[in-house]
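Structural characterization, general
So you can see what is in the structure, the chains are spelled out below.
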Amino acid sequence: MRYLDPRADLTFKKVFGEHPDLVISFLNALLPFDDDNRVESVEYIPTELVPDNPLKKNSIVDVRCKDQRGRQFLVEMQMIWSEEFKQRVLFNASKAYVRQLDKRENYDLLQPVYSLNLVNDVFEPELKEYYHHYDIVNVEHSDRVIEGLHLVFVELPKFKPHNFSERKMQVLWLRYLTEMGDAREVPKELLDNPEVKKACDILEESSYSPAQLEGYEKFWDIVRTEKTYFNSARKHGFAEGRAEGRAEGRAEGRAEGRAEGARDEKMRMAKKLKEIGLSNGQIADTTGLTVKEIEEL
């Protein structure tokens, strides 16, 4: 038995975009909810965030739904990181938040939007944590939060289940995403949980048509190609940066050397002028040195 990778576009949308019970479990495990704020039911809504007029930008997310309170959830799987992705996440969440109202409704009807982003790349190498939660907070008093937008990013490569003590379901779902890629068998801990087991069953290769499997393979070809281009561009940028740094260093060195040489020449000239009896003011006018520098000669 071969299981497809749940991080692929085809499988991710099938697991979390077609099975409300699974996305509910996933959201409760990965979002910072206490027992009083858990998601109990969801309704799927279109993943395309259509603009108010044709001149504005459309955007599409992997999974979009709302719960019994009207809170919206945007779920995305991102295979390759770029700094622009943060702006895209903020853009999509802001658009979903704004589009809750039309001109006739009140602001107090607005419900929070949660954007959950699974990233198959490391974008915060200097931080050991893999879980990053962003809110709109008071800079000096971070417990003061403006409700509305909540952004969560998860760096999947950093996740190591034996290193952390998160909630059980969070560990199981992250293990599902990181361990099930083209697996031949399912770890027992995943099979023991009915929700995660159901998600694993959906990944069985035999469940997909030849056309779907062809699209699945093309997806990974595109990912590999993009990674190759991205890494090549990054290496090229580093090489150019080092070359420019060396060139700038040599240029700065030459400039500093010329400046020091010119100053030494001025000092020698000032000494000679001082020896023949010119005043410090006259020497300063001639050499460009200050009167104090000349007095110290």
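Scroll up a little and you will see the structure.
The sections below set out a description of the structure shown in this document. (Residues numbered from 1 in each chain as written. Predicted model: local features only at pLDDT ≥ 70, side-chain atom pairs only at ≥ 80, totals over all residues. Heavy atoms only, no water.)

1. Here we look at the packing of helix H2 (residues 20-30) against helix H6 (residues 194-202)
This is how the line gets drawn: With axes taken as lines fitted to C-alpha atoms, and helix axes fitted only over the stretch in contact, angles between N-to-C directions fall between 0 and 180 degrees. What counts as a helix is a DSSP run of H or I of at least four residues, what counts as a strand is a run of E of at least two, and both are numbered from the N terminus. Every angle not falling under 35 degrees, over 145, or within 65 to 115 is termed oblique; those three ranges are roughly parallel, roughly antiparallel and roughly perpendicular. Left-handed describes a crossing whose near helix is turned anticlockwise from the far helix by less than a right angle; the clockwise case is right-handed. Here, residues are in contact when the closest pair of their heavy atoms is within 4.5 Å. In this count, Pro and Cys sit with the nonpolar residues alongside Ala, Val, Leu, Ile, Met, Phe, Trp and Tyr, while Asp, Glu, Lys and Arg are called charged and the others, Gly among them, polar.
In contact at an axis separation of 10 Å, H2 and H6 are set at 125° when each is read in the N-to-C sense. Considered as vectors, H2 and H6 are oriented oblique to each other. In the packing of H2 onto H6, the handedness of the crossing is left-handed. For the pair H2 and H6, contact is made by Asp21, Leu22 and Ser25 and by Glu195, Lys198, Ala199 and Ile202, respectively. Here the contact of H2 with H6 is composed, by residue class, of three nonpolar, one polar and three charged.

2. Side note on the pairing of strand S4 (residues 63-67)
Counted only if it meets this: Note on classification: 1.4 Å probe, protein chains only; a residue is buried when its accessible area is under 20% of the maximum for its type, exposed when over 50%, partly exposed between these limits. Any two strands with at least two DSSP bridges between them are considered paired.
Burial analysis of S4 places four of its five residues in the buried class, the great majority of the element. Alignment of strand S1 (residues 42-44) against S4, held across three bridges, turns out to be antiparallel. Paired with Glu43 across the strands is Lys66, a residue of S4. As judged from the four bridges shared by S4 and strand S5 (residues 72-78), these two strands associate in the antiparallel manner. The residue of S5 that forms the bridge with Cys65 is Phe73. Two successive antiparallel strands, S4 and S5, enclose a turn made up of four residues, where Gly70 displays a positive phi of approximately 95°.

3. Observations regarding the pattern of salt bridges
Put simply, the test is: Here, a salt bridge means any side-chain nitrogen of Lys or Arg that lies within 4 Å of a carboxyl oxygen of Asp or Glu.
Counted according to the given criterion, the structure contains 18 salt bridges. Put simply, Arg2 and Glu205 hold a salt bridge, and the shortest N to O gap is 2.8 Å. Placement of Arg2 in the segment before helix H1 (9-17) and of Glu205 in the loop between H6 and helix H7 (210-275) is noted, with a sequence separation of 203 residues between them. On the basis of relative accessibility, which here comes to 26%, the residue Glu205 falls in the partly exposed class. Where Glu189 meets Arg175, a salt bridge forms, and the shortest distance between an N and an O atom there is 3.5 Å. Of this pair, Glu189 sits in helix H5 (residues 188-191) while Arg175 sits in helix H4 (residues 168-179), placing them 14 residues apart in sequence. Residue classification places Glu189 among the partly exposed residues on the basis of a relative accessible area of 43%. Judged by its relative accessible area of 13%, Arg175 is buried. Taken together, the shared-partner salt bridges connect Arg2, Asp182, Glu205 and Glu217 into one network.

Just distances and angles here, no functional claims.
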